[in-house]
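Examination of the molecular architecture
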Amino acid sequence: MPIRVHSESHVAPVVPTVALSRPVGGSGTSSGETSSSETDAVASPPGGVMEVVGPVEPWNRPDPDRLVVHTGQRQALWERLVLGVFIAMPFLALVCALPVAWVFGWVSWLDIALAVGMYVVCMHGVTIGYHRCFTHGSFKPSRPLKIALAIAGSLAIEGAVNTWVGDHRKHHKFSDKAGDPHSPWRYGNTVPALAKGLVYAHVGWLFEPEQSDKSAYIPDLLRDKDMVRISRSFPALLMASLLLPPLVGALMTRSWTGAATAFFWGTLVRLGLVHHVTWSINSICHAIGERPFASRDRAGNVAWLAVLSMGESWHNLHHADPTCARHGVLPGQLDSSARIIRWFEQLGWVRDVRWPQPARLAAKRAP
Ligand SMILES: [Zn+2]
Ligand SMILES: [Zn+2]
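The structure presented is a predicted model; accordingly, all values stated were derived computationally and were not measured. (Residues numbered from 1 in each chain as written. Chains lettered and ligands numbered in written order. Predicted model: local features only at pLDDT ≥ 70, side-chain atom pairs only at ≥ 80, totals over all residues.)

**Let's talk about the environment of Phe139**
- By the element assignment, Phe139 lies in the loop between helix H2 (109–135) and strand E6 (140–141).
- Residues Phe139 and Arg354, spaced 215 residues apart in sequence, show a C-alpha to C-alpha distance of 6.2 Å.
- Residue contacts for Phe139: discarding those within four places in its chain leaves Cys133, Ala325, Ile341, Val350, Asp352, Val353 and Arg354. (Helix = DSSP H or I, 4+ residues; strand = E, 2+ residues; numbered from the N terminus. Contact = placed C-beta atoms within 7 Å.)

**Focus: the packing of H2 against helix H12 (residues 336–347)**
- Contact geometry of H2 with H12 gives a least axis separation of 10 Å together with a crossing angle of 75 degrees. Classified by the angle their axes make, H2 and H12 are roughly perpendicular. Contacts between H2 and H12 involve His124, Thr127, Ile128 and Arg132 on the former and, on the latter, Ser337, Ile340 and Ile341.
- Along the lines of polarity and charge, the residues of the contact of H2 with H12 split into 3 nonpolar, 3 polar and 1 charged. (Axes fitted to C-alpha atoms, helices over the stretch in contact; angles between N-to-C directions. Parallel < 35°, antiparallel > 145°, perpendicular 65-115°, else oblique. Nonpolar A, V, L, I, M, F, W, Y, C, P; charged D, E, K, R; others polar.)

**Observations concerning the packing of H2 against helix H9 (residues 234–253)**
- Running from N to C, H2 and H9 cross one another at 150 degrees; their axes reach a closest spacing of 11 Å. Relative to H9, H2 is oriented roughly antiparallel. The crossing of H2 and H9 is right-handed. Here Leu110, Leu114 and Met118 of H2 come into contact with H9, specifically with Pro245, Val248, Gly249, Met252 and Thr253. (Left-handed = near helix turned anticlockwise from the far one by under 90°.)

**Concerning the confidence of the model for the chain**
- Counting all residues, the mean pLDDT for the chain is 83, and 80% of those residues have values of 70 or more.
- In the model, residues 1–69 has pLDDT below 50 throughout and makes 175 contacts with residues more than four positions away in sequence or in other chains. (pLDDT = per-residue confidence, 0-100.)

Structure follows, in structure tokens:
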């Protein structure tokens, strides 16, 4: 089933156009093609047909080396509705957080401690575990640490570890080109197209029915019984992430009010911030930022996101050298995830850490 270049589109009537990401039709299924007239078949990847969006530019022209697109199971409507609730509720809480604190005073030091503590644990579970370890193999963890990182990342409620890793490996394979699940440039590089693309890259792509084909992107994780088990346990870990803060709040204050405010801050506000900081890496860090290193996409370094994203917003270096355990490699670039990996190394809990190599970095400097 080919990726096709079309002369017109119901999505973006710009001539000519080509898909930046959305695959239509599953692996081994019929194509489900919905696009209009075709003028040129670029290649024939086995996994799916790309929908028509965005103008062809020199930087997003399909790369023949990266045209093998694997797509997988479809996401049912009810699953997308549940996803919508899990995205909307924390977002609303995040928006209401300051009025709730200042106007009504519904916040205690315990609530803040729960929110910050859960934020730090589940964000580092994503950045150190899901991302640097399981996706990119930046280091080899001991088995207990591997399990702990996968569980901590699951508490972020960004999907089961195997799903997250499959999506992210696909992102690196096709970064900002046809096949990327979440490029902000998929509709083109005019201001309105970029605005639309930013919303898509931030949150819209999560609602696509098509899922990454796990057998293609994560064969290593599917061979690991621990990872399969933790992935299957995602619903239980999701419930734990939701209920842990109100449980602690109730036990510490012995009141329903204490449970309710702990749920608001420790669960909802914390999840809202976790989600939108993580997704900002997909949207903002692929749209703006400095690019001191040469990468084959538009990933940029965004300094103001570095602390909240635990060092993940040094995204230009990450795409230039994806397996590097430290993303903030230049002087003054804070990267708490790298600092914690270093502590794990000193404790003997991880080995074979891929720390930045000066000669390697020098070779990757942008011209
Ligand atoms: Zn990226
Ligand atoms: Zn990555």
